[in-house]
Every structure is written in C-alpha cells, then in structure tokens.
Amino acid sequence: MKVIGVTGMPGSGKSVVSRVAEKLGIEVVKMGDVIRDEARRRNEDPGIVAVQLRREHGKYVVAKRCVDIVKNFARDPSASNAESELDTPQFFLIEGIRSPWEVQIFKKNFINFRVIAVHSKPETRFSRLKKRMRSDDSADYKESVRRDQRELDFGIGEVIANSDYMVVNEGSLKKFKNNVQRIIENEM
C-alpha cells in the first residue's frame with residue numbers, strides 16, 4: 001500500500017490534486033471532511049471544531065482518524081469503489097495535512113509517505129475561496145486572513161517547507177494538473 005499527502009493553504013488547489021489522483025484510480029481521504037463531518041454532528045463552525053477537536057483529543061486526532069479510514073479501506077473492499085479484493089485500493093492520497101504532527105502519524109503508519117505542497121499567492125487563494133464558498137469559506141477578506149493564521153498556528157508552514165514536492169498553482173490549470181500527474185505517477 002502506498003499513501004501520499006497533500007498540503008497547502010486554503011484555496012491553493014489541494015482539491016485539484018485530489019481530482020487528478022481520483023482520475024488515476026487513487027482513493028482520496030480528505031482531512032477537511034473529517035472536520036466538516038464533526039462540525040455537522042456538533043452543529044458548529046468547521047473552524048471552531050478544528051481547534052476544539054485538537055484541544056479535546058490532541059494534535060494527532062484528525063490524522064489518526066484518517067489512518068483508520070485508509071486502513072479500513074485497505075481491509076474491506078466494500079468500503080471503497082472496489083468490486084473485488086483484487087480491486088482493493090493500494091494507493092491513497094490524504095488531502096489537507098496541516099501540521100508536522102500529522103505528518104509524523106502518517107510516516108509512522110505508511111512506509112515511504114511523501115507530501116506534495118501546493119502554493120498559490122494569498123490574493124489568488126482568496127479569489128478562489130470567494131468563488132468556491134464551501135461551508136468553511138468566507139467572502140470576507142479579514143475572515144480569510146484569520147483562517148490563514150489558524151492554519152499557520154496548526155503548523156502548516158512547517159509542513160509546506162518540509163514537503164517532498166512543491167507545486168505552484170498560479171498559471172494555467174492544465175499545466176498545474178500535468179505537473180501534479182507527473183508527481184503522482186512518479187510515486188506510483
């Protein structure tokens with residue numbers, strides 16, 4: 001089994017990386033989905049829940065939940081789109097790594113774990129977030145800056161700085177996707 005991770009500030013293009021991976025037949029686990037699911041259960045804002053979860057269960061909580069998801073997929077073919085045990089996913093991508101502690105958990109659980117960092121300028125990211133408007137996005141620039149600071153407080157800057165691959169997402173989408181596809185195919 002091979003697992004790689006993706007990191008980047010909000011709106012940088014992590015979900016584009018996930019879509020490229022899915023087209024290559026890779027199972028994607030989104031750390032943000034773990035937070036958003038918990039936020040729905042608690043009827044609370046995802047940003048608040050992201051902080052609360054870590055306070056309540058430790059800085060490793062989201063990563064540990066993702067490890068469990070991957071391992072359950074690998075053990076149970078019916079948990080994925082696989083039709084038989086032979087089709088059980090052997091390659092996974094974890095989207096949304098935010099802290100060096102999460103990287104530690106993934107490296108401890110998955111041999112040769114690698115991280116792809118996606119970089120975009122703050123102005124570009126804010127523009128994308130305004131268009132996307134997911135439950136944890138805001139059209140208010142000050143709120144976007146606060147969200148970036150929360151991500152930096154989690155340690156995402158260190159994860160980006162120590163990543164195995166860095167991809168800049170400022171030019172054409174086609175070029176970005178091609179660069180990502182080459183990295184993923186190299187890891188396969």
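Just so it is clear, the model here is predicted, and its values are computed rather than measured. (Residues numbered from 1 in each chain as written. Predicted model: local features only at pLDDT ≥ 70, side-chain atom pairs only at ≥ 80, totals over all residues. Heavy atoms only, no water.)

### Some points on unusual backbone geometry
Alright, step 1. With a phi angle near 55 degrees, Asn43 is a residue other than glycine that sits in the positive phi range.
Alright, step 2. You can see Asn43 is positioned in the loop between helix 2 (31-42) and helix 3 (46-57).
Alright, step 3. Take Asn43: its relative accessible area is 71%, and that puts it in the exposed class.
Alright, step 4. With a phi angle near 55 degrees, Asn112 is a residue other than glycine that sits in the positive phi range. (Helix = DSSP H or I, 4+ residues; strand = E, 2+ residues; numbered from the N terminus. Buried < 20%, exposed > 50% of the residue type's maximum accessible area, 1.4 Å probe, protein only.)

### Topic: the sheet that holds strand 2 (residues 27-30)
Paired through backbone hydrogen bonds, the strands of a sheet run either parallel or antiparallel to each other.
Alright, step 1. Spatially, the five strands line up as an open sheet ordered 2-3-1-4-5, and their pairing is parallel. Each end of this open sheet is capped by a strand with a single partner; those strands are strand 2 and strand 5 (165-168). Pairwise comparison of adjacent strand axes, ignoring direction, gives a mean angle of 25 degrees for this sheet.
Alright, step 2. Across four bridges, strand 4 (residues 114-119) lies against strand 5 in parallel orientation. By the bridge assignment, Val118 is partnered in strand 5 with Val167. (Pairing = 2+ DSSP bridges. Axes fitted to C-alpha atoms, helices over the stretch in contact; angles between N-to-C directions.)

### Let's talk about the environment of Gln104
Alright, step 1. With respect to the element layout, Gln104 can be found in helix 5 (residues 100-109).
Alright, step 2. According to the relative accessible area criterion, Gln104 is partly exposed, its value standing at 47%.

### A short note on the side chain of Asn169
Alright, step 1. Its place among the elements puts Asn169 in the loop between strand 5 and helix 9 (173-187).
Alright, step 2. Residues within four places of Asn169 in sequence aside, it is in contact with Ser12, Gly13, Val118, His119, Ser120, Arg128 and Phe176. (Contact = heavy atoms within 4.5 Å.)

### Some points on helix 3
Each α-helix winds once per 3.6 residues, and so residues spaced three or four apart point in a common direction.
Alright, step 1. In this model helix 3 runs 16 Å from its N-terminal to its C-terminal C-alpha over twelve residues, within 8% of the 16 Å that 1.5 Å per residue would give.
Alright, step 2. Those residues of helix 3 that fall on the buried side of the exposure criterion are Pro46, Gly47, Val49, Ala50, Leu53 and Arg54. For helix 3, the angular spread of buried residues about the axis comes to 165 degrees, placing them on one side.
Alright, step 3. Where helix 3 starts, the residue carrying a side-chain oxygen 2.9 Å from the main-chain nitrogen of Gly47 turns out to be Asp45.
Alright, step 4. Phi for Gly58, located one or two positions after helix 3, is positive at around 100 degrees. (Expected span 1.5 Å × (residues − 1). Arc of directions from axis to C-beta. Polar contact = N/O pair within 3.5 Å; in protein donor to acceptor, adjacent residues only side chain to side chain.)

### Let's talk about the packing of helix 2 against helix 4 (residues 61-75)
Helix packing geometry: the angle between the two helix axes and the distance between the axes.
Alright, step 1. Orientation of helix 2 relative to helix 4, taken along the N-to-C sense of each, is 105 degrees, at an axis distance of 9 Å. Viewed along their axes, helix 2 and helix 4 adopt a mutual orientation that is roughly perpendicular. Across from Met31, Val34, Ile35, Glu38 and Arg41 in helix 2, the residues of helix 4 making contact are Val62, Ala63, Arg65, Cys66 and Ile69.
Alright, step 2. Of the residues assigned to the contact of helix 2 with helix 4, the class counts are seven nonpolar, no polar and three charged. (Parallel < 35°, antiparallel > 145°, perpendicular 65-115°, else oblique. Nonpolar A, V, L, I, M, F, W, Y, C, P; charged D, E, K, R; others polar.)

### Describing the packing of helix 4 against helix 5
Alright, step 1. Viewed as axis vectors pointing N to C, helix 4 and helix 5 meet at an angle of 30 degrees, and their least axial separation amounts to 9 Å. Considering their axes alone, helix 4 and helix 5 lie roughly parallel with respect to each other. In the crossing of helix 4 with helix 5, the sense of the turn from one axis to the other is right-handed. In this structure, helix 4 contributes Val62, Ala63, Lys64, Cys66, Val67 and Lys71 to the contact, and helix 5 contributes Glu102, Ile105, Phe106 and Asn109.
Alright, step 2. Residue composition of the contact of helix 4 with helix 5, by class: six nonpolar, one polar and three charged. (Left-handed = near helix turned anticlockwise from the far one by under 90°.)

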